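Residues per chain, in single letters:
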Amino acid sequence: MVVDQQSQFQFFRKESWLGGWAVVVQKHYNQKWRKHRGEKVFKIKLPDFEEFRQGNNMSPDEMRSYMKEKGVVPSRPWNERPMYLSCTSGIIEPYIPPEKDEKYSVVSKAGAKQKYEWGKKKFSSHQAVKSLRVFEEEFDVSTFLDEASKIYVDAHKALCEGHKQSVNTHVGINQSLIQNKELTANLCCSRYDEDKLHRLVTDHCYSELCYQTNLKTMHWDMVETLERPRMVNCFVSPEEDFHDTFGQITVRFHTLQKLAVYDRFGRLIYGSEDASKRVLEYVVFEKQLSNQYGTWKLHSKIIPKWAPTKDQPIPTRAIKLEETQAAAAPAS
């Protein structure tokens, strides 16, 4: 064996099958990595652009035979569109509150029935909380009630945040100023905080909460909490579809609130800013448990059948000048 120091090649003398000697040149100095050096080079099949150009002019039979030759599976035309469910369309298992929140005697028939219904509802809620902890391991009822109270207050305040204009600017408006359309539009341009509301309430509740709030000024305040919020019902949707699992919790609120609603002319049409009122509500909170970034949101309110009817707001409208003159004119 002869080694050339300049070229780093190895020359081997090997006996040829013809009877003579032949010189074999090995370019790799270390034959151990010869295979790996050869694998560094890949044979890439370049696309045939002529086939792509002819593919647009192929008949269906030619295209079928070509795809069969190449082993390509034909694509299936899908007409479905992606759909995202952010919330449910209502209350899955509505809670039926007892009439006037009363407790009957256990000895009576109504009391025994009420006790049975409470026990049944408490057992189902306990099982639902267990299913809820599968998705949220650190779920605690007392901690959730504090969070629900904060969501309840913040959602109502966000609804009124856009209506921060003082009512005193509306009170001194006379009939001549009301006829100024530009001034009336500026007074009625205040709206609620939509971004904050979408973070606190579901899409189902958003449409109900903002219904008929346009061109109105609202003032709401939570005076105090008469009783601590209490969870009365919990429900988790069946886990048949693991990707769309929702949880709903019904919370009982007994509070003292103030509410005043003014129309676009600054006239009080509902409630009062001075008088407070006791409010007993059953509020439903919902969360998409299958969503990793889901949060609890205000979803709906349960209005029992025995609840008293609410006072209707006093409707107001702008009176035209011709109607005022006709009313003031003496009858002939």
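Our structure's up above, just so we're on the same page.
Rules behind the numbers
Residues numbered from 1 in each chain as written. Predicted model: local features only at pLDDT ≥ 70, side-chain atom pairs only at ≥ 80, totals over all residues. Heavy atoms only, no water. Helix = DSSP H or I, 4+ residues; strand = E, 2+ residues; numbered from the N terminus. Buried < 20%, exposed > 50% of the residue type's maximum accessible area, 1.4 Å probe, protein only. Contact = heavy atoms within 4.5 Å. Areas by Shrake-Rupley, 256 points an atom, 1.4 Å probe, with all protein chains shown as cover. Phe/Tyr/Trp six-rings, centres within 6.5 Å; stacked < 30°, edge-to-face > 60°. Expected span 1.5 Å × (residues − 1). Core = buried A, V, L, I, M, F, W, Y, C linked by side-chain atoms within 4.5 Å.

1. Some words on the overall build of the protein
Right, on to step 1. When its secondary structure is counted, the protein shows 11 helices and seven strands.
Right, on to step 2. Among the 332 residues that make up the protein, the fraction classed as buried is 29%.
Right, on to step 3. Residue pairs at least 24 apart in sequence account for 65% of intrachain contacts in the protein once pairs closer than 6 positions are excluded.
Right, on to step 4. Only carbon and sulfur atoms are counted for the fraction: they give 55% of the accessible area of the protein, which is about 24,700 Å².

2. Points about the packing of aromatic side chains
Right, on to step 1. With the rule as written, the count across this model stands at eight aromatic pairs.
Right, on to step 2. Arranged with centres 6.5 Å apart and planes meeting at 75 degrees, the rings of Y152 and W220 form a pair that is edge-to-face. With a gap of 68 residues between them, Y152 in helix α5 (residues 141-161) and W220 in strand β4 (residues 217-236) connect regions that are remote in the sequence. Comparing Y152 with W220 shows no difference in burial state: the two are buried.
Right, on to step 3. Ring geometry for Y152 and F253: centres 4.7 Å apart, planes at 15 degrees, overall stacked.

3. Let's talk about α5
Right, on to step 1. Taking 1.5 Å per residue, 21 residues should reach 30 Å; α5 reaches 30 Å between its end C-alpha atoms and fits that length.
Right, on to step 2. Of the surrounding secondary structure, the elements contacted by the buried residues of α5 are α9 (194-200), α10 (203-209), β4, β5 (246-262), β6 (268-288) and β7 (297-302).

4. Looking at the nonpolar core
Right, on to step 1. Core analysis: the biggest nonpolar cluster contains 36 residues, and F144, V201 and F285 have the highest contact counts within it.
Right, on to step 2. Of all elements in the fold, only α4 (109-135), α5, α9, α10, β4, β5 and β6 reach the threshold of two or more residues within this core.
Right, on to step 3. Sort the elements by how many residues they give to this core and α5 lands first, with 10 residues.
Right, on to step 4. Counting residues in each nonpolar core, the second largest holds five residues, with Y95, Y282, V284 and I302 among its members.

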